[in-house]
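# Commentary on secondary and tertiary structure
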Amino acid sequence: MSNYELMVIYTPVLSEEDAKSIQKKFADVISDNGGQIVHENPWGLKSLAYPIQKKTTGLYVVVEFTAPSDLNEKLKIQLNRDENVLRYMVTKLDKHAVAYNARKRGSLNAESKTVEA
Amino acid sequence: MAVKQEIKYLTAVKTEKRQKKYCRFKKLGIKYVDYKDAEFLKKFLNDQGKMLPRRITGNSLKFQRKVAEAIKKLVKWRCCLMLLTF
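All of these numbers come straight from a predicted model, not from anything done at the bench.

The rules behind the values
- Residues numbered from 1 in each chain as written.
- Chains lettered and ligands numbered in written order.
- Predicted model: local features only at pLDDT ≥ 70, side-chain atom pairs only at ≥ 80, totals over all residues.
- Heavy atoms only, no water.
- Contact = heavy atoms within 4.5 Å.
- Buried area = accessible area lost by both parts, 1.4 Å probe.
- Salt bridge = Lys/Arg side-chain N within 4 Å of Asp/Glu carboxyl O.
- Polar contact = N/O pair within 3.5 Å; in protein donor to acceptor, adjacent residues only side chain to side chain.
- Nonpolar A, V, L, I, M, F, W, Y, C, P; charged D, E, K, R; others polar.
- Helix = DSSP H or I, 4+ residues; strand = E, 2+ residues; numbered from the N terminus.
- Buried < 20%, exposed > 50% of the residue type's maximum accessible area, 1.4 Å probe, protein only.
- Pairing = 2+ DSSP bridges.
- pLDDT = per-residue confidence, 0-100.

A few words on the interface of chain B and chain A. Contact residues are listed per partner, giving 13 residues for chain B and 22 residues for chain A. Carbon and sulfur atoms make up 68% of the surface buried where chain B meets chain A, a total of about 1,600 Å² over both sides. The partner of Glu5 of chain A in a salt bridge is Lys36 of chain B, with the nearest N and O atoms 2.8 Å apart. Applying the counting criterion to the chain B and chain A interface returns two residue pairs in polar contact (both at pLDDT 80 or more). When its residues are assigned to classes, the side of chain B that touches chain A shows six nonpolar, no polar and seven charged.

Tracing the backbone through its elements, the reader meets Glu5 of chain A in strand E1 (residues 2–10). Judged by relative accessible area, which is 2%, Glu5 of chain A ranks as buried. One polar contact links Glu5 of chain A to Lys36 of chain B, side chain to side chain, over a distance of 2.8 Å. In contact with Glu5 of chain A, other than residues within four places in its own chain, are Val62, Val63, Glu64, Met89, Val90, Thr91, Leu93 and Asn101 of chain A together with Tyr35 and Lys36 of chain B.

Residues and elements named next belong to chain A. Extensive coverage of E1 is indicated by the burial of eight of its nine residues. Pairing between E1 and strand E3 (residues 55–67): nine bridges, direction antiparallel. Residue pairing for E3: Tyr4 is matched across the bridge by Phe65. In the sheet, E1 pairs with strand E4 (residues 85–93) via eight bridges, with the strands oriented antiparallel. The residue of E4 that forms the bridge with Glu5 is Thr91.

Residues and elements named next belong to chain B. Relative to the elements of secondary structure, Ile30 occurs in the loop between helix H1 (24–28) and helix H2 (38–42). Accessibility expressed as a relative area gives 25% for Ile30, which makes it partly exposed. Distance from Ile30 to Phe40, taken between C-alpha atoms, is 12 Å for residues 10 residues apart in sequence.

So, on to the side chain of Thr91 of chain A. Its place among the elements puts Thr91 of chain A in strand E4. Thr91 of chain A gets classed as buried once you look at its relative accessible area, which sits at 5%. Excluding anything up to four places from it in sequence, Thr91 of chain A contacts Asn3, Tyr4 and Glu5 of chain A together with Tyr35 and Lys73 of chain B.

Taken residue by residue, chain A gives an average pLDDT of 81. The fraction at 70 or more is 91%. Across residues 111–117 of chain A, confidence stays below pLDDT 50; counting only partners more than four residues off in sequence or on other chains, it has eight contacts.

Here we take up the pattern of salt bridges. This structure, assessed with the given rule, holds seven salt bridges over all chains. One salt bridge in this structure joins Lys74 of chain A and Asp70 of chain A, with 3.8 Å as the shortest N-O distance. The partner of Glu73 of chain A in a salt bridge is Lys76 of chain A, with the nearest N and O atoms 3.5 Å apart. A residue pair is termed a helical-turn pair when its members lie 3 or 4 positions apart in one helix, as Glu73 of chain A and Lys76 of chain A do in helix H2 (residues 71–81) at three residues. Overall, the relative accessible area of 47% leaves Glu73 of chain A in the partly exposed class. The structure contains a network of salt bridges with shared partners spanning Glu5 of chain A together with Asp34 and Lys36 of chain B.

Residue and element names in this part refer to chain A. When you line up the elements, Asn41 lands in strand E2 (residues 36–52). A relative accessible area of 22% means that Asn41 is categorised as partly exposed. C-alpha of Asn41 to C-alpha of Lys20: the two residues are 21 residues apart in sequence and 12 Å apart in space. Once residues within four sequence positions are removed from consideration, Asn41 is found in contact with Val61 and Val62.

The next point concerns the pairing of E3 of chain A. Residues and elements named next belong to chain A. For E3, the buried fraction is high: 10 of the 13 residues fall into the buried class. Bridge count between E2 and E3: 11 bridges; the pairing is antiparallel. If you follow Lys46 over to E3, its bridge partner there is Gly58. Between the end of E2 and the start of E3, which pair antiparallel, lie two residues, with Gln53 showing a positive phi angle near 50°.

Here is the structure:
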């Protein structure tokens, strides 16, 4: 069960609840296949330097989760199939990274709400 | 033979001792370079957005590579040009 961090850019056109539903879909994909979401951190709309698929802004979401090693392939298929996703990246977190995120989230909890799935 | 004191130097003798460069990661005990943290990584870029070499940043090889990798991810991810504020 190694730690991963998924970073996704969604198209800005979709409304609030659409974004939630898509996020929920990926959350389910992770939890179905034995993964467990540690923390979801929506960044919201951010401007892009160059248009991706003719869109100049993107909806950034960072999801940190622990999962068995074979889960990423399934996740990738789902992400490729979904046309709302502009770009995604999964990075592996070593123990220092997890400690860093935990510490950062500890200080972040005060203001922003964290989605504990 | 000219006596030592009478020797006049054309340029001023460089006496100030250059401050020893140190690896900030080792000193502060930072272990993980977060690629999402744009403000911190900006210190390792010059104004054109290029990465500073190790002899200027003074990083150790291990952390210079981590910083380089983080910066590349940051550029790909934030999709923002270095010159714009990101």
